[in-house]
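# Breakdown of the fold
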Amino acid sequence: MRTRAETRREEARRKPILRAAVRGVIGAMAMSGLRQAVVALGAVEKTPPESMLRRVVPGLFHSVPSRHRPALVEFAHWAYGAAGGAVFGALPRAVRERPWAGPLYGVLAWGAFEGGLAPVLGLAQEKSHDPVERLTLLADHVLYGVVVAASPWPHHDMPVAEGDRPGR
């Protein structure tokens with residue numbers, strides 16, 4: 001049986017991961033908003049989440065009625081965002097708290113997709129080599145990193161002692 005202190009330490013380890021996963025979903029939503037604008041402006045033709053779904057799970061993608069496919073793409077993107085956020089939350093606290101950590105994490109996520117995942121999944125030949133499109137996708141990943149690293153509500157990664165709580 002675990003002691004109360006062990007339980008508190010385990011909860012303290014999970015909190016940053018869960019919080020960052022939630023911020024990952026919010027970051028993916030922010031990216032989607034930015035992408036909606038850049039697609040409307042013609043800077044991006046097809047978003048990476050849509051390309052991935054078409055390539056990786058074509059049966060699922062085409063089994064969804066076309067009017068619902070944008071929702072499928074969004075939900076998949078939010079799931080990717082949550083997973084990426086959880087990975088950020090698992091990084092050491094000393095790294096997560098650096099001001100450059102979020103933007104750098106976004107750049108690394110973009111680089112991992114561009115240099116690793118896209119070629120492995122066969123998306124490299126589908127991708128545009130247009131520098132404006134690539135810079136736009138880099139920018140939205142930087143936005144994602146900023147949101148993932150942000151702290152939208154006050155928190156402590158470690159449990160606060162009873163005597164240290166405000167108002168007590």
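It should be noted that the structure appears before, not after, this text.
Here the residue numbering is sequential within each chain, running from 1 through the sequence in written order. Side-chain atom pairs in this predicted model are given and counted only at pLDDT of 80 or more, local residue features only at pLDDT of at least 70, and totals for whole chains, interfaces and linings cover all residues. Note that water and hydrogens are dropped before the side-chain values are worked out from all heavy atoms of the structure.

## Some details on the pattern of salt bridges
- We count a salt bridge whenever a side-chain nitrogen from Lys or Arg sits within 4 Å of a carboxyl oxygen from Asp or Glu. Taken as a whole, this structure holds 4 salt bridges when the rule is applied.
- Asp 140 is paired through a salt bridge with Arg 35; the nearest N and O atoms lie 2.4 Å apart. Of this pair, Asp 140 sits in helix 7 (residues 131-149) while Arg 35 sits in helix 1 (residues 4-40), placing them 105 residues apart in sequence. Residue Asp 140 shares its accessibility class with Arg 35, and that shared class is buried.
- Salt-bridge contacts for Glu 50 lead to Arg 54; the nearest nitrogen and oxygen are separated by 3.0 Å. Placement of both Glu 50 and Arg 54 in helix 2 (residues 48-56) is noted, with a separation of 4 residues, approximately one turn of the helix.
- Throughout this description, buried means an accessible area under 20% of the type-specific maximum (1.4 Å probe, protein chains only), exposed means over 50%, and partly exposed covers the range between. Assessed through its relative accessible area of 33%, Arg 54 is described here as partly exposed. Secondary structure follows DSSP: runs of H or I at least 4 residues long count as helices, runs of E at least 2 residues long count as strands, and numbering of each begins at the N terminus.

## What about the packing of helix 4 (residues 69-90) against helix 7?
- As a packed pair, helix 4 and helix 7 sit with axes 10 Å apart at the nearest point and diverge in direction by 55°. The pairing of helix 4 with helix 7 is recorded here as oblique in orientation. As helix 4 runs across helix 7, the sense of the crossing is right-handed. Together, Tyr 80, Gly 81, Gly 84, Gly 85 and Phe 88 of helix 4 and Tyr 144, Val 148 and Ala 149 of helix 7 make up the contact between the two elements.
- For the contact of helix 4 with helix 7, a count of residues per class yields 5 nonpolar, 3 polar and no charged. The axes used here are C-alpha line fits, helices contributing only the stretch in contact, and every angle between their N-to-C directions lies in the interval 0 to 180 degrees. By definition in this entry, angles of less than 35 degrees are roughly parallel, angles greater than 145 are roughly antiparallel, angles of 65 to 115 are roughly perpendicular, and the rest are oblique. Take the far helix as your reference; a near helix turned counterclockwise from it by less than a right angle gives a left-handed crossing, and one turned clockwise gives a right-handed crossing. By the convention used here, residues are in contact when the closest approach between their heavy atoms is within 4.5 Å. For this scheme, ten residues count as nonpolar: Ala, Val, Leu, Ile, Met, Phe, Trp, Tyr, Cys and Pro. Four count as charged, namely Asp, Glu, Lys and Arg, and the remainder, Gly too, count as polar.

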